[in-house]
Amino acid sequence: MSQPDSPAAATQAPAPTPAAATISTPAPAPTPAGPLSRAAHAAASAVIPGGVNSPVRAWKRLGGNPLTIARGKGSRIWDLDGKSYIDYVLSWGPLIVGHAHPAVVGAVRRTARDGLGFGAPTLAETEICEVIRSALPAMEQVRLVSSGTEAVMSALRLARAATGRDLVIKCDGCYHGHSDPLLVAAGSGCATLNTPDSSGVPAAIAAHTLSVPYNDAAAVERALTAHRGRVAAVIVEPVAGNMGLVLPKPGWLDALRRLCTEHGTLLIFDEVMTGFRVAWGGWQTVCGVTPDLTCLGKVIGGGLPVAAYGGRRDLMSHLAPIGACYQAGTLSGNPVAVAAGLATLKLCASKGFYAKQQAALAKLAAGLRQLAARRGVPIQISQAGTMWGFYFSERPVVDWTTAAASNQERWRTFFLGMINRGVYLAPSPFEAAFWSSAHRRGDVSATLAAAAEALEECSS
Ligand code: HOZ
């Protein structure tokens with residue numbers, strides 16, 4: 001399987017000069033959830049903390065009630081009350097070919113007929129690892145796991161085992177899953193709930209994590225110098241997708257590569273979001289920077305739980321059963337999940353897939369930019385391949401400080417305006433949005449029509 005043309009581009013247009021920059025604070029809008037969603041959330045809340053199995057799903061920041069989803073097909077989802085939405089969350093990224101694609105569902109059905117799992121090797125595991133390695137040559141060897149959290153947690157353990165060092169450097173506002181050492185200055189739901197450092201993480205563990213601003217190579221250099229010989233790894237989202245979407249500044253990832261090499265520190269790219277989404281392969285195939293280890297998830301499972309980590313063969317040989325660094329999982333390489341991932345990757349491998357989707361999404365981004373400019377609403381819209389994001393901000397967003405300074409009250413008004421008009425965006429300003437090959441021109445025009453009205457509410 002090969003995908004020769006994947007010219008992912010990252011674009012961040014300058015903020016339009018606002019005619020009227022006054023920021024109003026709108027009255028809270030009523031929750032858009034219908035009676036069946038509300039009843040379902042009440043029942044869930046009795047048995048599940050907050051009624052959700054992952055905090056960012058709770059719409060807590062919106063003071064609202066999440067929609068309970070009944071089904072999805074193509075670019076759309078339907079809630080329990082029967083209302084349909086154009087979906088830009090796409091299960092938080094995995095569904096690059098849309099909901100319930102027949103090829104993916106067919107592969108799952110066929111595989112399930114032969115058994116749901118064995119806890120023993122199957123041919124499909126080797127096949128998907130070969131596809132991953134051919135798309136991401138830096139992943140000379142690959143280990144399958146079941147979630148992005150698990151991939152990153154395991155890569156970190158491996159980095160410590162291989163270097164004999166304990167410290168790790170991450171960036172403020174980046175999110176690498178919920179393992180203890182990485183819940184420090186964390187983005188995603190932690191940023192949304194304003195709990196970037198989780199309770200329950202022993203201080204002794206958090207003390208091994210240093211956090212620096214994203215896009216700030218000088219800060220990384222200072223940390224590496226101050227802790228010379230003690231830093232096992234620098235871990236980074238090459239495109240940050242857990243504080244909204246923040247693009248890497250030119251030279252930032254190259255600087256990380258150079259600094260890590262100089263200091264004998266491993267460079268880990270967390271491409272759980274960007275892998276097979278910004279391009280065939282990941283952001284590393286776009287920017288030309290080679291990490292020592294890479295973490296993948298989301299798209300490689302096609303909506304089912306598959307994730308992976310991998311890298312240089314000499315590093316991977318530290319893993320049990322060859323080496324002494326232990327990592328395991330009953331569901332690792334589960335055949336049904338791998339079948340969904342392989343079917344998805346086969347669709348992504350079709351000629352021109354990424355170029356076509358990227359161009360289609362660029363039209364949506366351009367339309368939004370134009371609508372906001374006409375209404376004097378300052379907005380920053382970024383795109384990386386089939387990922388996108390926006391901030392209500394007059395200045396470019398380059399790190400957590402500038403992301404957090406964006407106008408969140410305006411974001412809330414816009415979010416509610418969109419959801420009330422049938423467009424489903426992530427319920428937090430600190431999450432990325434996604435695009436799928438199931439989205440059509442009609443979805444773009446319907447989204448822009450909704451945005452035109454929602455932006456009026458933002459500027460009034
Ligand atoms: N970590 C995901 C967002 N960055 C959220 C996962 C979920 O709630 O499903």
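One can find the structure itself at the top, above this paragraph.
Here the structure is a predicted model, which is why all the values come from computation and not from measurement.

Colleague: I would appreciate a short explanation of the site of the ligand in the present structure.
Modeller: Around the ligand sit Ser54, Val56, Arg57, Trp92, Tyr175, Ser188, Asn242, Met273 and Glu431, and that is every residue in its neighbourhood. Interatomic distance of 3.3 Å between a side-chain N/O atom of Trp92 and an oxygen atom of the ligand. Note that a nitrogen atom of the ligand is positioned 3.0 Å from one of the side-chain N or O atoms of Ser188. For the ligand, the protein covers 85% of the area, taking 290 Å² as the surface of the free molecule. For the shell around the ligand, the per-class residue count stands at four nonpolar, three polar and two charged.

Colleague: Help me understand the pattern of salt bridges in this model?
Modeller: Working definition: two side chains of opposite charge can pair if their charged atoms are close together. On inspection of all chains with the given rule, the structure shows eight salt bridges. With its nearest N and O atoms 2.7 Å apart, the salt bridge here joins Arg421 to Glu453. One end of the pair, Arg421, is in the loop between helix H14 (408-420) and strand S14 (423-424); the other, Glu453, is in helix H15 (residues 441-459), with 32 residues separating them in the sequence. Judged by relative accessible area, which is 29%, Arg421 ranks as partly exposed. Here the residues in one salt-bridge network are Arg257, Asp292, Arg312 and Asp314, joined through shared partners.

Colleague: What exactly am I supposed to notice about the side chain of Ser146 here?
Modeller: Positionally, Ser146 belongs in the loop between strand S5 (141-145) and helix H4 (148-163). Within polar-contact distance, the side chain of Ser146 engages the backbone oxygen of Leu331 at 3.5 Å. If near-sequence neighbours (up to four positions away) are discounted, Ser146 is found in contact with Pro305, Val306, Ala307, Leu331 and Ser332.

Colleague: Which parts of the structure should I look at to understand the packing of helix H12 (residues 353-374) against H15?
Modeller: The interhelical angle for the contact between H12 and H15, taken along N-to-C directions, is 20°, at an axis separation of 10 Å. Between H12 and H15, the angle falls in the class roughly parallel. The chirality of how H12 crosses H15 is right-handed. In contact with Leu364, Gly367, Leu368, Leu371 and Ala372 of H12, H15 contributes Val444, Thr447, Leu448, Ala451, Ala452 and Leu455. Within the contact of H12 with H15, the residues separate by chemical class into nine nonpolar, two polar and no charged.

Colleague: In this structure, what is going on with the packing of aromatic side chains? I would like to understand it.
Modeller: Each aromatic ring pair is described using two quantities: the centre-to-centre distance and the angle formed by the ring planes. Scanning all chains against the criterion turns up 12 aromatic pairs. Each ring, one from Trp400 and one from Phe430, has its centre 4.8 Å from the other, and the planes form 65°; the classification is edge-to-face. With Trp400 in helix H13 (residues 400-404) and Phe430 in the loop between S14 and strand S15 (433-434), this pair connects stretches of sequence that are 30 residues apart. Exposure remark for Trp400: the relative accessible area of 24% places this residue in the partly exposed category. The exposure class assigned to Phe430 is buried, which follows from its relative accessible area of 2%. The aromatic ring of Trp78 is capped on one face by Arg71, whose charged end is 4.0 Å from the ring centroid.

Colleague: What should I look at first to understand the pairing of strand S6 (residues 167-171) in this one?
Modeller: Each regular strand carries side chains that alternate between the two faces of the sheet. When you tally the buried positions in S6, you get five out of five residues, the bulk of the element. Of the two faces of S6, the one lined by Leu167, Ile169 and Cys171 and the one lined by Val168 and Lys170 are each fully buried. When S6 meets strand S8 (residues 231-236), the two strands line up parallel, connected through three bridges. The residue of S8 that forms the bridge with Leu167 is Val231. Pairing analysis gives four bridges linking S6 to strand S7 (residues 209-212), with the strands arranged parallel. If you follow Val168 over to S7, its bridge partner there is Thr209.

Colleague: Teacher, can you tell me more about the environment of Leu224 here?
Modeller: With respect to the secondary-structure elements, Leu224 resides in helix H7 (residues 217-226). The sequence separation of Leu224 and Lys249 amounts to 25 residues, and the corresponding C-alpha distance is 20 Å. Excluding its chain neighbours within four sequence positions, the residues that come into contact with Leu224 are Ile169, Val231, Leu259, His263 and Thr265.

Colleague: I keep staring at the sheet that holds strand S3 (residues 76-79) and nothing clicks. Help me out?
Modeller: Strands in a sheet are paired, the pairing made by backbone hydrogen bonds, and the direction either parallel or antiparallel. Strand order in this open sheet of four strands is S2-S3-S4-S14, and the pairing throughout is mixed. Lying at the two open borders of the sheet, with one neighbouring strand each, are strand S2 (69-73) and S14. In this sheet, S14 lies alongside strand S4 (residues 84-87) in parallel orientation, the contact comprising two bridges. Note that in S14 the partner of Ile86 across the bridge is Val423.

Colleague: Explain the sheet that holds S8 here, please?
Modeller: As summarised here, the arrangement of the seven strands in space is S5-S11-S10-S9-S8-S6-S7, forming an open sheet in which the pairing is mixed. With partners counted over all chains shown, the strands left at the sheet margins are S5 and S7, one partner each. Along the sheet, successive strands turn relative to each other by an average axial angle of 20°, direction set aside. Bridge count for S5 against strand S11 (residues 307-311) is five bridges, and the pairing is antiparallel. Bridge assignment links Arg143 to a residue of S11, and that residue is Tyr309.

The rules we used
Residues numbered from 1 in each chain as written. Predicted model: local features only at pLDDT ≥ 70, side-chain atom pairs only at ≥ 80, totals over all residues. Heavy atoms only, no water. Near = heavy atom within 4 Å. Polar contact = N/O pair within 3.5 Å; in protein donor to acceptor, adjacent residues only side chain to side chain. Areas by Shrake-Rupley, 256 points an atom, 1.4 Å probe, with all protein chains shown as cover. Nonpolar A, V, L, I, M, F, W, Y, C, P; charged D, E, K, R; others polar. Salt bridge = Lys/Arg side-chain N within 4 Å of Asp/Glu carboxyl O. Helix = DSSP H or I, 4+ residues; strand = E, 2+ residues; numbered from the N terminus. Buried < 20%, exposed > 50% of the residue type's maximum accessible area, 1.4 Å probe, protein only. Contact = heavy atoms within 4.5 Å. Axes fitted to C-alpha atoms, helices over the stretch in contact; angles between N-to-C directions. Parallel < 35°, antiparallel > 145°, perpendicular 65-115°, else oblique. Left-handed = near helix turned anticlockwise from the far one by under 90°. Phe/Tyr/Trp six-rings, centres within 6.5 Å; stacked < 30°, edge-to-face > 60°. Lys NZ or Arg CZ within 6 Å of the ring centre and 35° of its normal. Pairing = 2+ DSSP bridges.

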